[in-house]
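So the chains spell out like this:
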Amino acid sequence: MMKVLLCGGGNAIHVLSAYVSAKSDTHVTILSLFPGEADRLRDAIPDEGIRCANDLGDDIIGKPDAVIDKAEDVPTDLDLVIFALPSFTHEMYLKALKPYLKQGVTIGAMPAEGGFDLCAIHNLGSEFVKNSNLFALETLPWACRIVEYGKSVEVLGTKKQVDIVVSPKQGTTHASVTEVLHSLIGRLPAFDPADNFLSVTLMNINSVWHPTISYGFYRNRDVTEPFDEPPLFYYGADEYTGDKLAKVSDEVIELGRVLREKYPTLTLNALHHVSEWMTRSYGDDIGDKTNIYTMLRTNKGYRGLTHPMREVEVDGKKKYLPNFRYRYFTEDIPMGLVVTRGIAELAGVPTPHMDDVILWCQGVLDKEYLVDGKLEGKDVESTRAPQRYGFTNLDNFMTVNHYVHDSGVKTTPDAAVADSTPTMTAQ
């Protein structure tokens with residue numbers, strides 16, 4: 001019997017709960033530390049379980065064995081822990097679970113966002129991570145949405161291929177971890193092995209996608225002016241937004257080029273331009289592959305998805321205002337785009353288009369990350385940027401985190417002098 005812990009309570013947890021609980025050889029526990037969420041979810045799940053309508057075949061129905069709100073209530077000897085929740089909560093869950101996890105467990109995130117390995121090592125310890133399986137998906141396996149909370153969920157589109165990085169414990173292979181995941185969620189998406197956690201951090205599609213599309217849509221709008229209906233997110237993008245996505249992605253690709261040039265042993269084969277990611281992930285679900293703009297507006301997996309909004313009442317009528325406290329901002333900026341921007345800063349790679357997006361987003365978030373072109377704002381400490389963990393020198397960041405070894409560093413007199421060793425060490 002495989003003991004599985006699912007952490008979270010949103011769209012993806014509904015899908016995972018149905019898929020994994022439907023297996024006869026699993027014991028599934030859902031843990032939510034969000035106040036009241038576990039009670040709400042437990043009370044909502046019917047006797048037959050959560051029904052998942054998916055795009056690949058018949059509905060799947062599964063009921064978790066327990067829904068809990070305290071880490072101390074997790075089953076002993078867990079085999080697998082999956083985080084499917086906002087990455088800004090990863091640290092809270094890791095700290096809460098640490099006393100109850102045993103070395104050797106497989107633990108990972110869907111998606112991981114940037115710097116998941118740094119966060120795990122910082123909270124669980126280098127030795128624990130070294131002797132356990134750590135994995136991360138660069139995005140969710142599906143586009144999905146809850147139909148009725150606790151009762152039904154819909155997979156709008158299963159991705160064809162998703163990058164995964166696995167840091168296996170000694171005696172375990174990458175394939176053994178991915179096979180376990182496939183046995184639980186099906187053969188699709190195919191898991192394409194990423195080279196390392198740095199690859200997945202840079203190939204964080206959500207960190208480019210969500211903030212840039214939001215910036216493009218709202219850039220010339222009065223965000224205090226309510227909408228009659230929630231506007232479409234992907235299908236509502238304009239040509240400027242498609243072009244901005246391309247330019248932000250160009251900057252990430254250039255960062256990868258600079259890193260590979262400086263560190264000849266470094267592989268970043270999982271790093272792709274967003275246009276290539278779209279075609280790899282959705283294939284024939286995209287009606288027009290002319291450019292990013294047309295791909296956004298003709299992808300069947302994106303149909304009907306709207307901007308995150310909050311309801312307001314205006315003159316007795318229901319209206320909608322942007323919800324800038326949604327994960328597109330609270331997660332994909334501090335745990336995503338800011339992480340990439342931090343690595344770019346260490347590498348000396350200019351990112352004017354990325355900066356446009358971050359500056360606009362930090363404004364609506366009332367946060368401070370970038371100050372005068374540097375990641376020196378007061379809220380950097382709440383991110384997973386390398387600067388948060390004390391890294392100010394690229395060579396140190398790359399070698400301490402084992403992305404490259406000392407022999408793979410092209411040293412210069414200045415680069416040979418590393419910054420002070422951070423308080424944590426990475427595996």
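Residues numbered from 1 in each chain as written. Predicted model: local features only at pLDDT ≥ 70, side-chain atom pairs only at ≥ 80, totals over all residues. Heavy atoms only, no water.

### Quick word on the pattern of salt bridges
Summed over all chains, the structure comprises 25 salt bridges. Of the charged contacts in the structure, one is a salt bridge between Lys102 and Asp77, with a shortest N-O distance of 3.0 Å. Here the residue Lys102 occupies a position in the loop between helix 3 (90-97) and strand 7 (106-109), and Asp77 occupies one in the loop between strand 5 (66-68) and strand 6 (80-83), the gap between them amounting to 25 residues. Since its relative accessible area comes to 44%, Asp77 is described here as partly exposed. Because the salt bridges share partners, they merge into one network encompassing Glu91, Lys95 and Arg388. (Salt bridge = Lys/Arg side-chain N within 4 Å of Asp/Glu carboxyl O. Helix = DSSP H or I, 4+ residues; strand = E, 2+ residues; numbered from the N terminus. Buried < 20%, exposed > 50% of the residue type's maximum accessible area, 1.4 Å probe, protein only.)

### Notes on helix 10 (residues 274-282)
Side chains three or four residues apart in an α-helix point the same way, a direct result of the helix having 3.6 residues per turn. Every buried residue of helix 10 is listed here: Val274, Trp277, Met278, Arg280, Ser281 and Tyr282. One or two residues past the end of helix 10 sits Gly283, with phi positive at roughly 50°.

### Thoughts on the nonpolar core
Among the nonpolar cores identified, the biggest contains 103 residues, and Val81, Phe83, Leu97, Leu198, Trp209, Leu259 and Phe397 are the most heavily contacted of them. Setting aside its immediate chain neighbours within four residues, Phe397 contacts Leu118, Leu198, Ile343, Leu346, Pro386, Phe391 and Tyr403. Listed in part, the 38 residues of the second largest apolar core include Tyr19, Val28, Val177 and Leu184. (Core = buried A, V, L, I, M, F, W, Y, C linked by side-chain atoms within 4.5 Å. Contact = heavy atoms within 4.5 Å.)

### Looking at the side chain of Asn204
Mapping Asn204 onto the fold places it in the loop between helix 7 (197-202) and helix 8 (205-218). Of note is the side chain of Asn204, whose polar atom sits 2.5 Å from the side chain of Glu113. Ignoring anything within four residues of it in the chain, the contact list for Asn204 reads Glu113, Gly114, Glu138, Met335 and Gly336. (Polar contact = N/O pair within 3.5 Å; in protein donor to acceptor, adjacent residues only side chain to side chain.)

### Description of the environment of Glu376
Secondary-structure assignment places Glu376 in the loop between strand 16 (374-375) and helix 15 (394-400). Sequence separation between Glu376 and Arg221 is 155 residues; the distance between their C-alpha atoms is 29 Å. Setting aside its immediate chain neighbours within four residues, Glu376 contacts Tyr369 and Val371.

### Topic: the confidence of the model for the protein
Summarising the model, the protein shows a mean pLDDT of 90, and 95% of its residues fall at 70 or more. In this model residues 411-427 is a low-confidence stretch, pLDDT under 50, and it forms 37 contacts with partners more than four residues away in sequence or in other chains. (pLDDT = per-residue confidence, 0-100.)

### What to know about helix 4 (residues 116-124)
Buried residues dominate helix 4, accounting for eight of its nine residues. Residues Phe116, Asp117, Leu118, Cys119, Ala120, Ile121, Asn123 and Leu124 constitute the buried set of helix 4. Immediately beyond the C-terminal end of helix 4, within one or two residues, lies Gly125, with a positive phi of roughly 100°.

### With respect to the packing of helix 8 against helix 14 (residues 352-365)
The contact between helix 8 and helix 14 brings their axes to 9 Å, and the two run at 75°. As far as their axial angle goes, helix 14 and helix 8 are roughly perpendicular. Packed against helix 8, whose contacting residues are Pro211, Thr212, Ser214, Tyr215 and Tyr218, the element helix 14 presents Asp356, Val357, Trp360 and Cys361 at the interface. Here the contact of helix 8 with helix 14 is built from residues that sort into six nonpolar, two polar and one charged. (Axes fitted to C-alpha atoms, helices over the stretch in contact; angles between N-to-C directions. Parallel < 35°, antiparallel > 145°, perpendicular 65-115°, else oblique. Nonpolar A, V, L, I, M, F, W, Y, C, P; charged D, E, K, R; others polar.)

### Details of the sheet that holds strand 4 (residues 60-62)
Read from one edge to the other, the open sheet built from four strands follows the order 4-3-10-9, with strand pairing classed as mixed. The open sheet is flanked by strand 4 and strand 9 (142-148), the only strands paired with a single partner. When the angles between neighbouring strand axes are averaged without regard to direction, this sheet yields 20°. As paired elements, strand 3 (residues 50-53) and strand 10 (residues 152-158) share three bridges and run parallel to each other. Bridge pairing in strand 10 places Arg51 opposite Ser152. (Pairing = 2+ DSSP bridges.)

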